[in-house]
Number of protein chains: 2
Amino acid sequence: MAVFAPKSDLRKRLLLYVIVDRAFSGGRGEEEVVAAAARGGATAVQLRSKELTARQLYLTGLSLRTLTRQMGLLFIVNDRVDVALAVDADGVHLGQDDLPLEAARRLMGRRRIIGMSVDTVEEAERAQRGGADYLGAGPVFATPSKADAGPVMGPEGLREICRAVRIPVVGIGGIGARNARQVMEAGAAGVAVISAVVSAPDVTAAARALRSALV
Amino acid sequence: MAVFAPKSDLRKRLLLYVIVDRAFSGGRGEEEVVAAAARGGATAVQLRSKELTARQLYLTGLSLRTLTRQMGLLFIVNDRVDVALAVDADGVHLGQDDLPLEAARRLMGRRRIIGMSVDTVEEAERAQRGGADYLGAGPVFATPSKADAGPVMGPEGLREICRAVRIPVVGIGGIGARNARQVMEAGAAGVAVISAVVSAPDVTAAARALRSALV
């Protein structure tokens, strides 16, 4: 096992960022989905669930931590700083409604990754100033996965955000193999996907198709 | 301001434990309710809300932290270890679906308080072994505040739990001025209430009536 250094090569490790959420995986367990996505070339995994209790999130997180370490993937927990720390995740991903970045940083320390969802250039600049390590920006395209997402920004909106900050930006929202290249051409370090991979009948094939579109 | 020592006199400080939850306070803000309850003799406050975002919980927690310090109350955050740490609460209260006690203790350290909800003698003994500092046991009486609570244990069930452990036990569920003495006579260190105080038109008077019934 490599020495634990979550932030080394962060930009590269954000290339294909798969968000696992039980609500979109058709009843398949997180471990099964993550292992299949990793075989298809996923480089990072985020565990997200509004449906799981904190205890279930912790237990799932522990097993994803083991799996992602074995398979060499970055492992991020959504929202819950406490769960991220308890399972020794590489980082946490925060939305604008979660703990403020500064409070999360005090708990997470400098060594771990904090990602932040942003909708606008202003939010992106503020998150960079606040010490975020990477940004998730979107929705780039229309998406069925997140009903509360803001208006579609398109590749042009994403490009503005990528130009405004030095930290890596991952595009999210409605991204699949057919449009992933547009996201990279806008300056993103990678693409974040939920349903395009997690809802696919063949998760490995879906991840592989996306990965091929990125390189 | 006293030196920060959350666990000193813990048993005494659990005497009148008011849980503030916006769902039960008729639209009144947490700060208003806590200040009023403190004037009536509340000794401990727990901030609980399934409706608030983590950011709102954090911001409310910060202001309750200031207020409870000024007024000399113990301050506990429900469920979220990260929020409890971020606002420098005295402790966290965990249910059986929250982070496991051992994981929470690693994050909270020895100095802060961890309370645990228990329904049975077995859960109480397990929580004590796991290092809980106090227990919340109930529902002692039938309660409208928590639809997912287990069967009513009555003062006799509470007594069994109090006898089984050395750490202080707070009774919860359907407790008011009329039956609070039964809870104390069963061996509890205090009573935890939501609606009996938080939903009262006059929060201070409701707290005072309860407090009088306890001493």
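Please read these numbers as outputs of a predicted model, since none were measured by experiment.

Caption draft 1: Focus on the relation of the copies chain A and chain B. Superposition record for chain A on chain B: RMSD 0.0 Å, screw rotation 180°, translation along axis 0.0 Å. The operation mapping one copy onto its partner corresponds to a two-fold rotation axis. No C-alpha of chain A lies nearer the rotation axis than that of Asp 82 of chain A, which sits 2.4 Å from it. Taken as a fraction of all interface residues of chain A, those also at the interface in chain B reach 100%, which identifies the copy contact as same-surface.

Caption draft 2: Seen up close, the pattern of salt bridges. Taken as a whole, this structure holds 20 salt bridges over all chains when the rule is applied. Here Asp 90 of chain B ties to Arg 65 of chain B by a salt bridge, and the two come within 3.1 Å at their closest N and O atoms. On the criterion of sequence distance, the pair formed by Asp 90 of chain B in the loop between helix H4 (81-86) and strand S4 (91-94) and Arg 65 of chain B in helix H3 (residues 54-71) is long-range, its members being 25 residues apart. Of the two residues, Asp 90 of chain B and Arg 65 of chain B, both sit in the buried class. Two residues, Arg 112 of chain B and Asp 88 of chain B, come together in a salt bridge whose shortest N-O distance is 2.7 Å. Residue Arg 112 of chain B is found in the loop between helix H5 (101-108) and strand S5 (113-118), and its partner Asp 88 of chain B is found in the loop between H4 and S4; the two are separated by 24 residues along the sequence. You can call Asp 88 of chain B partly exposed: its relative accessible area is 25%. Residues joined in a network through salt bridges with shared partners are Lys 7, Arg 105 and Asp 133 of chain A.

Caption draft 3: Spotlight on the sheet that holds strand S5 (residues 113-118) of chain A. Residue and element names in this part refer to chain A. Taking strand neighbours around the barrel as the criterion, the 8 strands line up as S1-S2-S3-S4-S5-S6-S7-S8 in a closed arrangement whose pairing is parallel. On average, each strand axis in the sheet is inclined to that of its neighbour by 25°, with strand direction left out of account. Pairing of strand S6 (residues 134-137) with strand S7 (residues 169-172) involves 3 bridges; the strand directions are parallel. Looking at the pairing, Ala 137 lines up with Gly 171 of S7. Where helix H6 (residues 121-129) meets the sheet, its contacts fall on S5 and S6, and the angle it forms with S5 comes to roughly 165°.

Caption draft 4: A look at the sheet that holds strand S2 (residues 44-47) of chain B. All names here are of chain B. Spatially, 8 strands are ordered S1-S2-S3-S4-S5-S6-S7-S8 in a closed barrel, and the strand pairing comes out parallel. Ignoring strand direction, the axes of neighbouring strands in this sheet form an average angle of 25°. The sheet contact formed by S2 and strand S3 (residues 74-78) spans 4 bridges and is parallel. Note that in S3 the partner of Val 45 across the bridge is Phe 75.

Caption draft 5: Focus on the interface of chain A and chain B. Across the contact, 21 residues belong to chain A and 21 residues belong to chain B. Counting each side, the surface lost to burial between chain A and chain B is near 1700 Å², with a carbon and sulfur contribution of 58%. Ranking the residues of chain A by area buried against chain B places Arg 55, Asp 82 and Leu 99 of chain A at the top, with a combined share of 32%. Run the count over chain A and chain B and you get 2 salt bridges. Arg 80 of chain A serves as the salt-bridge partner of Asp 79 of chain B, at 3.5 Å between the closest nitrogen and oxygen. Scanning the region where chain A abuts chain B turns up 15 residue pairs in polar contact (both at pLDDT 80 or more). At the level of secondary structure, the elements contributing two or more residues to the side of chain A that touches chain B comprise helix H3 (54-71), helix H4 (81-86) and helix H5 (101-108) of chain A. Broken down by element, the residue count for the side of chain A that touches chain B peaks at 5 residues, all from H4 of chain A. In terms of residue class, the side of chain A that touches chain B is built from 11 nonpolar, 3 polar and 7 charged.

Caption draft 6: Looking closely at the packing of helix H2 (residues 30-39) of chain A against helix H10 (residues 203-214) of chain A. Residue and element names in this part refer to chain A. Relative to each other, H2 and H10 sit at 40°, their axes nearing to 7 Å. Taken together, the axes of H2 and H10 lie oblique to each other. Between H2 and H10 lies a crossing of right-handed hand. Residue-level inspection shows Val 33, Ala 36, Ala 37 and Arg 39 of H2 in contact with H10, the latter providing Val 203, Thr 204, Ala 207 and Arg 208. Here the contact of H2 with H10 is composed, by residue class, of 5 nonpolar, 1 polar and 2 charged.

Caption draft 7: Layout of the packing of helix H6 (residues 121-129) of chain B against helix H7 (residues 154-164) of chain B. Residues and elements named next belong to chain B. The interhelical angle for the contact between H6 and H7, taken along N-to-C directions, is 30°, at an axis separation of 9 Å. In this view, H6 runs roughly parallel relative to H7, as classed from their interaxial angle. Crossing angle aside, the handedness with which H6 passes H7 is right-handed. Residues Val 121, Ala 124, Glu 125 and Gln 128 of H6 pack against Glu 160, Ile 161 and Ala 164 of H7. When the residues that make up the contact of H6 with H7 are grouped by side-chain class, the tally is 4 nonpolar, 1 polar and 2 charged.

Caption draft 8: Expanded view of the pairing of S4 of chain B. Residues and elements named next belong to chain B. Burial along S4 is two-sided: Gly 91 and His 93 facing one way and Val 92 and Leu 94 facing the other are all buried. In this structure, S3 lies alongside S4, joined through 3 bridges in parallel fashion. Bridging from a neighbouring strand, Ile 76 pairs with Gly 91 of S4. Regarding topology, H4 serves as the crossover connection from S3 to the parallel S4, and that connection is right-handed. Here S4 runs beside S5; their pairing, made up of 4 bridges, is parallel. Looking at the pairing, Val 92 lines up with Ile 114 of S5. For the crossover from S4 across H5 to S5, the handedness is right-handed.

Quick notes on the rules
Along each chain, residue indices are assigned from 1 in the same order as the chain's sequence is written. The lettering of chains begins at A and the numbering of ligands begins at 1, in the order of writing. Reporting in this predicted model follows two pLDDT cut-offs: at least 70 for local features of residues, and 80 or more for side-chain atom pairs to be given and counted; totals over whole chains, interfaces and linings ignore these cut-offs and use all residues. The basis for every side-chain value is the complete set of heavy atoms in the structure, and neither hydrogens nor water enter the calculation. Overlaid copies result from least-squares superposition on C-alpha atoms, with residues included only where pLDDT is at least 70 in both. Here a residue-residue contact requires only that any non-hydrogen atoms of the pair lie within 4.5 Å. A side-chain nitrogen of Lys or Arg and a carboxyl oxygen of Asp or Glu constitute a salt bridge if their distance falls within 4 Å. Only DSSP runs of H or I covering at least 4 residues are called helices, and only runs of E covering at least 2 are called strands; the numbering of each starts at the N terminus. The classification of residues rests on relative accessible area computed with a 1.4 Å probe and restricted to protein chains. Under 20% of the type maximum is buried, over 50% is exposed, and intermediate values are partly exposed. The pairing criterion for strands is at least two bridges between them, as found by DSSP. Orientation is described by axes fitted as lines to C-alpha atoms, over the contacting stretch for helices, and by angles from 0 to 180 degrees between their N-to-C directions. Each of two parts loses accessible area, computed with a 1.4 Å probe, when they are put together; buried area is these two losses added. For this analysis, a polar contact is any N or O atom pair within 3.5 Å, provided that within protein one partner can donate a hydrogen and the other can accept it, and provided that sequence-adjacent residues contribute only side-chain to side-chain pairs. Only Asp, Glu, Lys and Arg are considered charged, only Ala, Val, Leu, Ile, Met, Phe, Trp, Tyr, Cys and Pro nonpolar, and every remaining residue, Gly among them, polar. Angles are sorted into four bins: roughly parallel if under 35 degrees, roughly antiparallel if over 145, roughly perpendicular if 65 to 115, and oblique for all others. Two helices that cross are described as forming a left-handed crossing if the nearer one is turned anticlockwise from the farther one by less than a right angle, and a right-handed crossing if clockwise. Classification remark: right-handed applies to a crossover when, strands pointing away from the viewer, the course from the first strand over the helix to the second runs clockwise.

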